[in-house]
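Chain by chain, the residues:
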Amino acid sequence: MDAIRIRGGNRLEGEIPISGAKNAALPLMIASLLTKDRLVLENVPRLADVNMLGRILGNHGVDMAIRGKRAGEHSGRGSVMTLHAETIADTTAPYELVSRMRASFWVLGPLLARCGEARVSMPGGCAIGTRPVDLHLMGLEALGAKIDVEAGYVVARAPSGLKGAHIAFPKVSVGATHNVLLAAVLANGETIIENAAREPEVGDLAECLIAMGGRIEGIGSSRLVVQGVASLHGATHAVLPDRIEAGTYAMAAAMTGGSVDLVGARGDQLEALIEVLGRAGVEATVTNTGLSVTRNGGKLRPVSVETSPYPGFATDLQAQLMALMTQADGISKITETIFENRFMHVQELVRLGANIALDGDTATVTGTDRLAGAQVMATDLRASVSLVIAALAAEGETVINRVYHLDRGFENIENKLGRCGADIERISI
Ligand code: EPZ
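Source: prediction; values computed, not measured.

Asker: Is there a simple way to think about the nonpolar core in this case?
Answerer: A general feature of soluble globular proteins is that nonpolar side chains tend to end up buried together. Counting residues in each nonpolar core, the largest one holds 78 residues, and the members touching the most others are L57, L108, L143, L162, L181 and L209. Among the elements that make up this core, the one with the highest residue count is helix α1 (residues 22-31) (7 residues). If we ignore the near neighbours within four places in the chain, the residues touching L181 are I193, V202, L205, A206, L209, I216, L224 and V226. Of all hydrophobic cores here, the second largest spans 72 residues; its members include L12, A252, A253 and A390.

Given below as structure tokens:
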């Protein structure tokens, strides 16, 4: 099994190319289910989750081809993926596949819209919280689907098609917004989604659906208005840059007192993080090529932060901020409001010498001068990368086990950090 070994203490200095966003690529790939034509996605990150979803879509009959980068192309440009769902071979998404990646539950809406029926396994447990799917089902029922749960599967039927509806989500959900959007584009009539997630990945999906012939207004707002169309056609769309990857490397640079240029990062989608970094004494500046992050000299200042839906501080950056705050000069408070159990990194950070106390949804981090390398392991993607950040500042050697979590969402992490001076390597243990 692979592990990552890091010897801490080096400053990060240089450029890091930001990959296409995992959490945009996944719903975009699923959008291919909505048309008989080819959907071409550019700037697709090379990640285990992308491969996994490819397998899941293959099971529904989607032909997928991936072209790597061409000579002379920027190394950060990702792959070009062509998805072709000429016919849907199977409207069932089985437990063996869905349980390995929750986002695959989002095939429910588009399969239902295109085929009038879908049978998708309930996703099951998750390391960061219970993560129910009630809002997805509520939205699809409002569009006229009849939904039953049979033997662990959601069975949705709309034999005479979906009908536009007014849907007001009681809570912001990225996945439920994706699922309903992916269904409403082919529904009969107008759908209004109130309290829609405003995450840039939702906007990216909406832009792609528009390129495919969909009619959607309100992108970037919490009120999406969709005029259903009879069919969608093929399109070419580039996946937006990964704001979570960019935010993660921004904090890695800050952790080492370094200076990096995050090439391709969208500063306008990282405003909450930039504000928090500023309070902590880290300068993050939007440049022509991306985002430049510098912490020269000075101690980090502690900050208090609550996660919230976009444009608030992202839950997907919470663990990384906690790692950073272990080095602040004072006490920070980090409150997780999105997922009830997203603190699995705390005990591992403590193994590296961090001083963190948990009380309900709030972690109190007392900055310490010294982290020391150790063997650690993580239970989810963002938790594992928080350990990488801590290890970059820890004395001695840290070995991070269960690297497959990292490979789900960070493309080439050891090369990207290594090229900026980190002492990091992938080892087999
Ligand atoms: C997406 O998950 C992301 N995943 C997550 O990133 C991210 O943490 C999350 O949004 C929040 O930003 C992908 O994009 C693939 P939600 P999603 O539905 O859609 C509750 C990562 O590391 N809820 O917005 O599953 C839910 O329990 C991952 O890349 C319901 O109550 O998240 C949570 O408390 C992890 N009922 C809140 O809403 C529902 O039907 C937000 O979840 C659906 C959700």
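Text resumes after the structure shown.
Asker: Honestly, the site of the ligand in this entry has me stumped. Any pointers?
Answerer: Neighbouring the ligand are 23 residues; D134, S173, V174, D316 and I338 lie closest to it. Contact distances for the ligand include 3.5 Å between an oxygen atom and a side-chain N or O atom of K171. Within the side chain of R342, one N or O atom sits 3.3 Å away from an oxygen atom of the ligand. A total of 820 Å² of accessible area belongs to the ligand in isolation, and the protein chains cover 89% of it. Those elements giving two or more residues to the shell around the ligand turn out to be α1, α5 (134-142), α6 (174-184) and α12 (381-393). Take the shell around the ligand: its biggest share by element is 3 residues, from α5. Taken together, the residues of the shell around the ligand sort by class into 11 nonpolar, 5 polar and 7 charged. Looking at which domains feed residues into the shell around the ligand, each of domain 1 (2-15 + 241-428) and domain 2 (26-238) supplies at least three.

Asker: Looking at this model, I keep getting lost on unusual backbone geometry. Mind explaining?
Answerer: Leaving glycine aside, a negative phi is the common case for residues, and trans is the common case for peptide bonds. Backbone torsion omega between Y310 and P311 reads 10°, so that peptide bond is classified as cis. Note that P311 resides in the loop between β18 (304-306) and α10 (318-325). In the Ramachandran plot, N43 falls in the positive-phi region, its phi being about 60° despite a non-glycine side chain. Along the chain, N43 falls in strand β3 (residues 38-44). You can call N43 buried: its relative accessible area is 5%.

Asker: Could you clarify how one ought to interpret the pairing of strand β14 (residues 235-238) in this entry?
Answerer: Put simply, side chains in a regular strand alternate between the two faces of the sheet. Burial of β14 is one-sided: the residues A235 and H237 facing one way are buried, the residues T236 and A238 facing the other way are not. Examined bridge by bridge, β3 and β14 share 4 bridges and lie parallel to one another. Of the residues in β14, the one forming a bridge with L41 is H237.

Asker: Any chance you could explain the packing of helix α8 (residues 243-255) against α10 here in plain terms?
Answerer: Helices that pack against each other are described as a pair by the angle of their axes relative to one another and the distance between those axes. Direction vectors running N to C along α8 and α10 enclose 5°, while the axes themselves pass 10 Å from each other. The orientation of α8 relative to α10 falls into the category roughly parallel. Residue-level inspection shows I244, T248, M251, A254 and M255 of α8 in contact with α10, the latter providing Q320, L321, A323 and L324. Taken together, the residues of the contact of α8 with α10 break down into 7 nonpolar, 2 polar and no charged.

Asker: Whenever I open this one, the sheet that holds strand β13 (residues 223-227) confuses me. Can you help?
Answerer: Strand pairing in a sheet relies on backbone hydrogen bonds, with the paired strands running either antiparallel or parallel. Read across the open sheet, the 4 strands follow the order β10-β11-β13-β12; overall the sheet is mixed. Both edges of this open sheet fall to β10 (166-168) and β12 (215-217), since each of them pairs with a single strand only. Averaged over all pairs of adjacent strands, the angle between strand axes in this sheet comes to 15°, irrespective of strand direction. Direction of pairing for β10 relative to strand β11 (residues 190-194): parallel, over a ladder of 3 bridges.

What counts and how
Residues numbered from 1 in each chain as written. Predicted model: local features only at pLDDT ≥ 70, side-chain atom pairs only at ≥ 80, totals over all residues. Heavy atoms only, no water. Core = buried A, V, L, I, M, F, W, Y, C linked by side-chain atoms within 4.5 Å. Buried < 20%, exposed > 50% of the residue type's maximum accessible area, 1.4 Å probe, protein only. Helix = DSSP H or I, 4+ residues; strand = E, 2+ residues; numbered from the N terminus. Contact = heavy atoms within 4.5 Å. Near = heavy atom within 4 Å. Polar contact = N/O pair within 3.5 Å; in protein donor to acceptor, adjacent residues only side chain to side chain. Areas by Shrake-Rupley, 256 points an atom, 1.4 Å probe, with all protein chains shown as cover. Nonpolar A, V, L, I, M, F, W, Y, C, P; charged D, E, K, R; others polar. Domains from an automatic or database assignment. Pairing = 2+ DSSP bridges. Axes fitted to C-alpha atoms, helices over the stretch in contact; angles between N-to-C directions. Parallel < 35°, antiparallel > 145°, perpendicular 65-115°, else oblique.

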